[in-house]
Amino acid sequence: MTGTNGDPLNPPNAIWLSSDHWMALAKWAKQANQLNGFNRQFAYSMGRLVGKGHDLNEKQLKHAQQIVETACAAGWRMTV
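Keep in mind that this is a model prediction, so the values were computed, not measured.

What counts and how
- Residues numbered from 1 in each chain as written.
- Predicted model: local features only at pLDDT ≥ 70, side-chain atom pairs only at ≥ 80, totals over all residues.
- Heavy atoms only, no water.
- Helix = DSSP H or I, 4+ residues; strand = E, 2+ residues; numbered from the N terminus.
- Buried < 20%, exposed > 50% of the residue type's maximum accessible area, 1.4 Å probe, protein only.
- Contact = heavy atoms within 4.5 Å.
- Areas by Shrake-Rupley, 256 points an atom, 1.4 Å probe, with all protein chains shown as cover.
- Core = buried A, V, L, I, M, F, W, Y, C linked by side-chain atoms within 4.5 Å.
- Axes fitted to C-alpha atoms, helices over the stretch in contact; angles between N-to-C directions.
- Parallel < 35°, antiparallel > 145°, perpendicular 65-115°, else oblique.
- Left-handed = near helix turned anticlockwise from the far one by under 90°.
- Nonpolar A, V, L, I, M, F, W, Y, C, P; charged D, E, K, R; others polar.

Engineer: Residue-level account of the overall build of the chain, with values.
Structural biologist: The helix and strand inventory of the chain stands at three helices and zero strands. Its helices and strands taken in sequence order, the chain reads α-α-α from the N to the C terminus. Looking at the 80 residues of the chain, the share that counts as buried comes to 34%. Residue pairs in contact within the chain that sit at least 24 positions apart in sequence constitute 67% of those at least 6 positions apart. Summed over all atoms, the accessible surface of the chain reaches about 4900 Å², with 50% contributed by carbon and sulfur.

Engineer: An account of the side chain of Q65 is requested, with residue identities and associated values reported.
Structural biologist: With respect to the helices and strands, Q65 occurs in helix α3 (residues 58–73). Residues contacting Q65, with those up to four places away along its chain left out, are P12, N13 and A14.

Engineer: Report on the nonpolar core, specifying residues and quantitative values.
Structural biologist: If you look at the biggest cluster of nonpolar residues, it comprises 19 residues, and the most contacted ones within it are L17, W22, L25, I67, V68 and W76. Of all the elements in the fold, those that place two or more residues in this core are α1 (19–31), α2 (37–51) and α3. Not counting the four nearest positions on each side in its chain, L17 is found in contact with P12, W22, V50, V68, W76 and M78.

Engineer: So what's going on with unusual backbone geometry? Residues and values would help.
Structural biologist: Here the phi dihedral of N33 falls at roughly 55 degrees; this positive angle occurs in a residue that is not glycine. In this structure, N33 sits in the loop between α1 and α2. Exposure remark for N33: the relative accessible area of 63% places this residue in the exposed category. Even without glycine at this site, L35 takes up a positive phi of about 65 degrees.

Engineer: Just give me the short version of the packing of α1 against α3, but keep the residues and values in it.
Structural biologist: As a packed pair, α1 and α3 sit with axes 12 Å apart at the nearest point and diverge in direction by 55 degrees. Viewed along their axes, α1 and α3 adopt a mutual orientation that is oblique. Considering only the axes of α1 and α3, their crossing is left-handed. Each of W22, L25 and W28 in α1 lies in contact with α3, whose residues at this interface are A64, I67, V68 and A71. Classifying every residue of the contact of α1 with α3 gives seven nonpolar, no polar and no charged.

Engineer: Lay out the environment of N13 in plain terms, naming residues and giving numbers.
Structural biologist: Looking at where N13 falls in the secondary structure, it is placed in the segment before α1. By relative accessible area, N13 is classed as partly exposed at 31%.

See the structure below:
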């Protein structure tokens, strides 16, 4: 696994994020006014999907990784 702490130079791989990580990212993005509404909602939805045990498709994973990288660059740290 890469970048377990959300290091902006080495962000975590989206496939390894737990439901709690996605929910924390969505909450952080809202509180810090980071990411746009669509991406905050996407992060929240990823948390729900992962929490229900669903596998993400290739398109979801690609967008999820972009969100993780953007969030890490904006200051999010994976702490859950």
